[in-house]
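# Structural overview
Spelled out, the chains give:
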Amino acid sequence: VSGLGFGIGYLGSIVGLLIALPLAAAHRLDLLWLAVAAFLAVFSLPAFIVLPADRPRPAAFDLWRLARDVFGQRELRRFLLAFFVYLDGVETTIYFSGIFAAKTLGFTTPEVIKLFLAVQASALAGALLLARPTDRWGPKRVLTITLLLWIGVSIGAYFAQTKASFFGVAVIAGLGLGPVQAASRALMASLIPAGKEAEMFGFYAFCGKSSAVLGPLVFGAVSYLMGGDQRAAVAAVGAFFVVGLVLLQRVRPVSPRA
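Cut-offs and rules
Residues numbered from 1 in each chain as written. Predicted model: local features only at pLDDT ≥ 70, side-chain atom pairs only at ≥ 80, totals over all residues. Heavy atoms only, no water. Helix = DSSP H or I, 4+ residues; strand = E, 2+ residues; numbered from the N terminus. Rg over C-alpha atoms; globule rule 2.2 N^0.38 Å. Buried < 20%, exposed > 50% of the residue type's maximum accessible area, 1.4 Å probe, protein only. Contact = heavy atoms within 4.5 Å. Areas by Shrake-Rupley, 256 points an atom, 1.4 Å probe, with all protein chains shown as cover. Expected span 1.5 Å × (residues − 1). Bend = angle between axes of the 7 residues up to and from the residue. Salt bridge = Lys/Arg side-chain N within 4 Å of Asp/Glu carboxyl O.

Turning to the overall build of the protein chain, a few remarks are in order. The number of helices and strands found in the protein chain is 11 helices and 0 strands. Counting from the amino terminus, helix and strand elements in the protein chain follow one another as α-α-α-α-α-α-α-α-α-α-α. Taken over the C-alpha trace, the protein chain has a radius of gyration of 19 Å; the compact-globule value for 258 residues is 18 Å, and the two agree within 12%. Expressed as lengths along the three principal axes of its C-alpha atoms, the size of the protein chain is roughly 50 × 45 × 35 Å. Residues classed as buried in the protein chain amount to 41% of the 258 residues present. Here the contacts in the protein chain between residues at least 6 apart in sequence split such that 81% fall between residues at least 24 apart. Accessible surface, the protein chain: about 14200 Å² in total, of which carbon and sulfur atoms supply 71%.

Structure representation (structure tokens):
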């Protein structure tokens, strides 16, 4: 289900980028924001019209209690630490890949959009192709394979000298983008105690969003200290995948709940 969900999300990203491409080519980026607003308005309608109404439960939210519940469980604590580190590497790579392509390799704005189109297409393929193996092999094994792929992507990006070579590296990165997100959700779901799904997935989302702070700081600091050398910054971000992979091996998944 996670693989299918992320796959559909990447399909939406492809449609959005196809809308953006002619506007960027015409240098009408002002209209791009209106297109994004219209896109969001149209595709949010099914959620408002078709989905059933919420059934809230009266409960007082206590962040500190939730944090104690999360960190009081060893495997969940270990996984979230690994998730925090490797997702930081993923998100930093996504955020700065366009900047690296433009500043280091000379991609134009339409070429950057085409680059992200290819990445979203490969991410769609990766999410769908590894959906069933995630069920069969388990999410930890899929995450391990995916993080090894991301380490290879970091090495490939560091040595990429042409637009074509970086384009190929980006497509390979896309293949690991869908599975790393889908398998992470699947592994998280297997570690959550019954009845606490909503609040713990909320903490999971909080952990993922807060992780996006450290990577950009590392990328910017290394690039600045190396005199603007973004290749060194790419190598530094690759360390997040290595550390995340090591931390992930400490997690002992439990059997999925019935």
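After that view, the rundown keeps rolling.
On to helix 2 (residues 29-49). Taking 1.5 Å per residue, 21 residues should reach 30 Å; helix 2 reaches 31 Å between its end C-alpha atoms and fits that length. Considering bend angle alone, the principal kink of helix 2 is centred on F43 and spans about 25°; proline P46 follows within four residues of it.

Here we come to the pattern of salt bridges. Counted by the stated rule, this structure contains 5 salt bridges. E199 is the partner of R65 in a salt bridge, and the nearest nitrogen-oxygen pair spans 3.1 Å. Of the two residues, R65 sits in helix 3 (residues 63-71) while E199 sits in helix 9 (residues 197-210), which places them 134 residues apart along the sequence. The partly exposed category is assigned to R65, whose relative accessible area is 27%.

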